[in-house]
Amino acid sequence: MIQSVLPDVAAVQRIASIPSLLATVAQITGLRFTCIARVTPESWTACAVLDQLGMGLLPNATRAVGTTLCDLVRTSGKALVIDAASTDPAFKAHPIPAQFGFESFISVPIRRQNGDYFGTLSGIDPLPKNLSGTAALASMTLFAELISQQLSSQQVLEETQVALLDARETSELREQFIAVLGHDLRNPLGTIITGAELMLLSLGDEKKLTILAKLVQGSGKRMAALVDDVVDLTRGKMGGGIPLNLAPHADLGDALRQVVEELRSTYPQRDIRLEAHALGTVLCDAPRLAQLCSNLLKNALVYGDTSKPVGVAAHVADDALELAVTNHGPRMSDDTVAHLFKPYWRAAAKSPHEGLGLGLFIVGEIARSHGGTMTVSSSDELTTFLFRLPCHQHGASAAWPPTAAPHHAGIP
Ligand SMILES: Nc1ncnc2c1ncn2[C@@H]1O[C@H](COP(=O)(O)OP(=O)(O)OP(=O)(O)O)[C@@H](O)[C@H]1O
Ligand SMILES: [Mg+2]
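Keep in mind the model is a prediction, meaning the values are calculated, not measured.

### Examining the site of ligand 1
Consideration 1: Close contacts around ligand 1 come from 16 residues, with Asn-299, Tyr-303, Gly-357, Leu-358 and Leu-360 the closest.
Consideration 2: In the environment of ligand 1, an oxygen atom lies 2.9 Å from a nitrogen or oxygen atom belonging to the backbone of Gly-357.
Consideration 3: Here Leu-360 contributes a backbone N or O atom positioned 2.8 Å from an oxygen atom of ligand 1.
Consideration 4: The protein chains hide 90% of the 600 Å² of surface that ligand 1 would expose on its own.

Right, here's the structure in full:
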C-alpha cells in the first residue's frame, strides 16, 4: 500500500540541517539511535532518523502512540531521561524498554512557536548511559527549540512563496486583460469615429445616414457591453458581489428563449436546442440570469465542437431551479476547471476567441449573489455548466411546480 507522507512530517524532512543536528545529538548523548518524531494522540511517525544500531526504522515509519515512551512525553509535556531502564525503579518493569531492547533513553518535547505540541526529539541505546545530570538534556531542549523555529520560518517562507506566485500570476493575467480590453475597445471605437466622419460627409442622404447610424449604434452597444463587464468585475472583486433586483418572475423560460434567439441570430449556422418548461414563479433577477445563460451559451458555441449542437435546459427538481448549458468537445482538464471562474483567466493559446476572460467570473458572481451554485462536469464527449438555485433560499418553493426535464436539452 502506498502511504502519502504527512505534511508535518514532510516539513521536517525539508529542513536541510536536520541530519547534522541528529548527528550532533548522537555525539553529545552517546546514543546511537536518534530521531525526530511527529507525535499525536493517535500515532507516532518518524520524521528523520539517524540509525547507527541497524534497527531498521526508517523515516515515515509509523507506530501506535501507546507503544512508545514518547506518549509519556506528550501527555506530561515534559522531557524524559532514563540512564538504565533495567535498574530504574520507574521503568524496570515497563514493557517498552524490554520490547525494544534499550537501556538508555532521552526524549524532549518539540512545540510549535504557537505552543501547539508537535512531537519529540529522542535518542535510545541498548547500553546504559550517564545522561541525567549532564548537559545532554539542556542541549536537546535547545535543539528542540531550534527545530521549532526552523519549522516556523520554513512555513512562513513557503506561504510567502505561494502568495508571491499567486500575485505574479494575477498581475500577468491583469496585464493580458488590459491588452485584450484595449484591443476589443479599439475596433468598435474605430467604427464609431469613421462612421461619424462618413455621416458628416453624407448629410442630406437619409438612406446612407440610416445605415451609418445603425453601424455606430451597434459599435456603441458593443463598447457598452464591454464596459458593463468591467463594472461587474469591479463590483465582484470588491467582495460585495453583483447587486441584484430580486422579483418573482413568472416567465424565466421567455427570458431564456430570448437569449437563445439572440445567439441564434449571431450564430445562424449553429443548432441550439432549448428545453425550458413550466418553471413556475422564480424569485430572481431575471436579466442577470439571462446574462448568466448568455455567457454560458456563448462559451458553449465558441469553445465547444462547432459541428455539433449545444443545449440549454432549464427545469425545477428537488426544490431547486437547474439551468444546464451543454456542448460537445474534448474533456476539460481538472486544472482548466479549477481556473475557469477566476477573473481574466482564459485557456490562452488554444482559444479561438479573443475574450476578456470575464464571462465565467461574472457567471460565478451572479450565481453567488443569488445564493446558487455553479458546477462543471466534463467528459470525453460533453461539457456541462450547471447553475443550481435552491428555491427555499427565497421562500418561493410553494410556487414552484416540480417537473422533470432532461438535462442535456436533446443532446445525445
Ligand atoms: N464550454 C466551454 N468549453 C471549453 N472551454 C471553455 C468553455 N467555457 C469557457 N471555456 C474556457 O474558459 C475560458 C474563460 O471563459 P470566460 O467566459 O470566462 O472568458 P472568455 O470567453 O475568454 O472571455 P469573455 O467571456 O469575457 O468574452 C475561455 O477562454 C475558455 O478557454
Ligand atoms: Mg466567455
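After that view, the rundown keeps rolling.
### Quick word on the packing of helix α8 (residues 286-303) against helix α10 (residues 359-370)
Two quantities define a packed helix pair, namely the angle between the helix axes and the distance between the axes.
Consideration 1: Packing of α8 against α10 leaves a shortest axis separation of 9 Å and a crossing angle of 145 degrees. For α8 against α10, the interelement crossing comes out left-handed. Mapping the contact onto sequence places Arg-288, Leu-289, Gln-291, Leu-292, Asn-295, Leu-296 and Asn-299 in α8 and Gly-359, Leu-360, Ile-362, Val-363, Ile-366, Ala-367 and His-370 in α10.
Consideration 2: Class assignment for the residues of the contact of α8 with α10 results in eight nonpolar, five polar and one charged.

### Observations concerning α10
Consideration 1: In this model, α10 (twelve residues) spans 17 Å end to end at C-alpha, consistent with the 16 Å of a helix rising 1.5 Å per residue.
Consideration 2: Counting buried positions over the twelve residues of α10 gives nine, a clear majority of the element.
Consideration 3: Buried residues of α10: Leu-360, Phe-361, Ile-362, Val-363, Gly-364, Glu-365, Ile-366, Ala-367 and His-370, and no others.
Consideration 4: Gly-371 sits one or two residues past α10 and shows a positive phi near 80 degrees.

### Section: the domain arrangement of the protein
Consideration 1: Partitioning the protein into domains gives domain 1 (7-157), domain 2 (164-237) and domain 3 (247-399).
Consideration 2: Spacing between the C-alpha centres of domain 1 and domain 2 amounts to 67 Å.

### A closer look at the packing of aromatic side chains
Consideration 1: Scanning the model with the defined rule gives two aromatic pairs in all.
Consideration 2: With a centroid separation of 5.5 Å and 25 degrees between ring planes, the pair formed by Phe-102 and Phe-105 is classed as stacked. A single burial state applies to Phe-102 and to Phe-105, both of which are buried.
Consideration 3: With a centroid separation of 6.3 Å and 65 degrees between ring planes, the pair formed by Phe-341 and Phe-385 is classed as edge-to-face. Of this pair, Phe-341 sits in the loop between α9 (334-339) and α10 while Phe-385 sits in strand β13 (residues 382-390), placing them 44 residues apart in sequence.
Consideration 4: Note on Phe-385: relative accessible area 8%, which makes it buried.
Consideration 5: The side chain of Arg-38 reaches across the aromatic face of Phe-118, ending 5.1 Å from its centre.

### Here's the deal with the side chain of Glu-103
Consideration 1: Position of Glu-103 relative to the elements: it lies in the loop between α4 (95-100) and β5 (104-111).
Consideration 2: The contacts of Glu-103, once residues within four sequence positions are left out, are Ile-82, Asp-83, Ala-84, Ala-85, Ser-86, Asp-125, Pro-126, Leu-127 and Pro-128.

### Details of the sheet that holds strand β8 (residues 272-276)
Consideration 1: Ordered by their spatial adjacency, five strands build an open sheet running β8-β10-β11-β13-β12, and the pairing between neighbours is mixed. Looking at which strands have only one partner, the edges of the open sheet turn out to be β8 and β12 (373-378). Averaged over neighbouring strand pairs, the angle between their axes works out to 15 degrees when direction is ignored.
Consideration 2: Examined bridge by bridge, β12 and β13 share six bridges and lie antiparallel to one another. Each residue of the ladder has a partner; that of Ser-377, found in β13, is Thr-384.
Consideration 3: Against the sheet, helix α7 (residues 252-266) engages β8, β10 (310-317) and β11 (320-328), with an angle of about 175 degrees to β8.

### Considering the pairing of β11
Moving residue by residue along a regular strand, the side chains alternate between the two faces of the sheet.
Consideration 1: Extensive coverage of β11 is indicated by the burial of nine of its nine residues.
Consideration 2: Residues Ala-320, Glu-322, Ala-324, Thr-326 and His-328 of β11 are buried on one face, and the alternating residues Leu-321, Leu-323, Val-325 and Asn-327, pointing to the opposite face, are buried as well.
Consideration 3: As paired strands, β10 and β11 are joined by eight bridges and run antiparallel to one another. By the bridge assignment for β11, Val-310 is matched with Asn-327.
Consideration 4: A loop of two residues connects β10 with β11, the two strands running antiparallel in sequence, and Asp-318 in this loop sits at a positive phi of about 50 degrees.

### Here we look at the nonpolar core
Consideration 1: Counting 51 residues, the largest nonpolar core has Leu-252, Leu-292, Leu-297, Leu-321 and Phe-387 as the members making the most contacts within it.
Consideration 2: Mapped onto the domain boundaries, this core takes at least three residues apiece from domain 2 (164-237) and domain 3 (247-399).
Consideration 3: In contact with Phe-387, other than residues within four places in its own chain, are Leu-289, Leu-292, Leu-321, Glu-322, Leu-323, Ala-367, His-370, Gly-372, Thr-373 and Met-374.
Consideration 4: The next biggest cluster of nonpolar side chains, apart from the first, holds 24 residues, and it includes Ala-11, Ile-18, Ile-106 and Ala-144.

### What about the packing of α7 against α8?
Consideration 1: Remark: α7 packs on α8, axes separated minimally by 9 Å, with the N-to-C direction vectors making an angle of 35 degrees. Relative to α8, α7 is oriented so that their crossing is right-handed. Only Ala-286, Leu-289, Ala-290, Cys-293, Ser-294, Leu-297, Lys-298 and Leu-301 of α8 make contact with α7, whose side of the interface consists of Leu-252, Leu-256, Val-259, Val-260 and Leu-263.
Consideration 2: In terms of residue class, the contact of α7 with α8 is made up of eleven nonpolar, one polar and one charged.

### Quick look at the environment of Thr-194
Consideration 1: Relative to the assigned elements, Thr-194 resides in helix α5 (residues 136-201).
Consideration 2: Here Thr-194 falls in the partly exposed class, since its relative accessible area comes to 41%.
Consideration 3: Spatially, the C-alpha atoms of Thr-194 and Ala-286 are 36 Å apart, while their sequence positions differ by 92 residues.
Consideration 4: Of note is the side chain of Thr-194, whose polar atom sits 2.6 Å from the backbone oxygen of Gly-190.

Calculation criteria
Along each chain, numbering runs from 1 in the same order as the chain's sequence is written. Written order decides the labels, with chains lettered from A and ligands numbered from 1. Given that the model is predicted, a residue must reach a pLDDT of at least 70 before its local features are reported, and side-chain atom pairs must reach 80 or more before they are shown or counted; all residues, however, enter totals for whole chains, interfaces and linings. Calculated side-chain values reflect all of the structure's heavy atoms, with hydrogen atoms and water omitted. A cutoff of 4 Å decides nearness: a residue is near a molecule or strand if any of its heavy atoms lies inside that distance of it. Polar contact is defined as a pair of N or O atoms within 3.5 Å, subject to the rule that within protein one atom must be able to donate a hydrogen and the other to accept it, and that residues adjacent in sequence are counted only when both atoms are side-chain atoms. For the area figures, the Shrake-Rupley method with a 1.4 Å probe applies, and any residue is considered shielded solely by the protein chains shown. A fitted line through C-alpha atoms represents every axis, and for helices the fit uses only the stretch in contact; the resulting angles, taken between N-to-C directions, go from 0 to 180 degrees. Put simply, DSSP H or I for four residues or longer makes a helix, DSSP E for two residues or longer makes a strand, and each gets a number counted from the N terminus. Crossing handedness: left-handed means the near helix sits turned counterclockwise from the far one by under a right angle, and right-handed means the same turn made clockwise. Residue contacts are counted whenever heavy atoms from the two residues lie within 4.5 Å of one another. Basically, the charged four are Asp, Glu, Lys and Arg, the nonpolar ten are Ala, Val, Leu, Ile, Met, Phe, Trp, Tyr, Cys and Pro, and anything else, Gly included, counts as polar. Take the residue count of a helix, subtract one, and multiply by 1.5 Å to get its expected span. Buried means the residue's accessible area, taken with a 1.4 Å probe over protein chains only, is under 20% of the maximum for its type, while exposed means over 50%, and partly exposed covers the values in between. Boundaries of every domain are those given by an automatic assignment or by a domain database. Pairing of aromatic rings covers Phe, Tyr and Trp, the last through its six-membered ring, and needs centres within 6.5 Å; plane angles under 30 degrees mean stacked, over 60 mean edge-to-face, and all others mean tilted. Geometrically, a lysine NZ or arginine CZ counts as sitting over a ring once it is within 6 Å of the ring centre and also within 35 degrees of the ring normal. Strand pairing is defined by DSSP finding a minimum of two bridges between the two strands. To qualify as a nonpolar core, a set must consist of buried Ala, Val, Leu, Ile, Met, Phe, Trp, Tyr and Cys residues joined through side-chain atoms within 4.5 Å.

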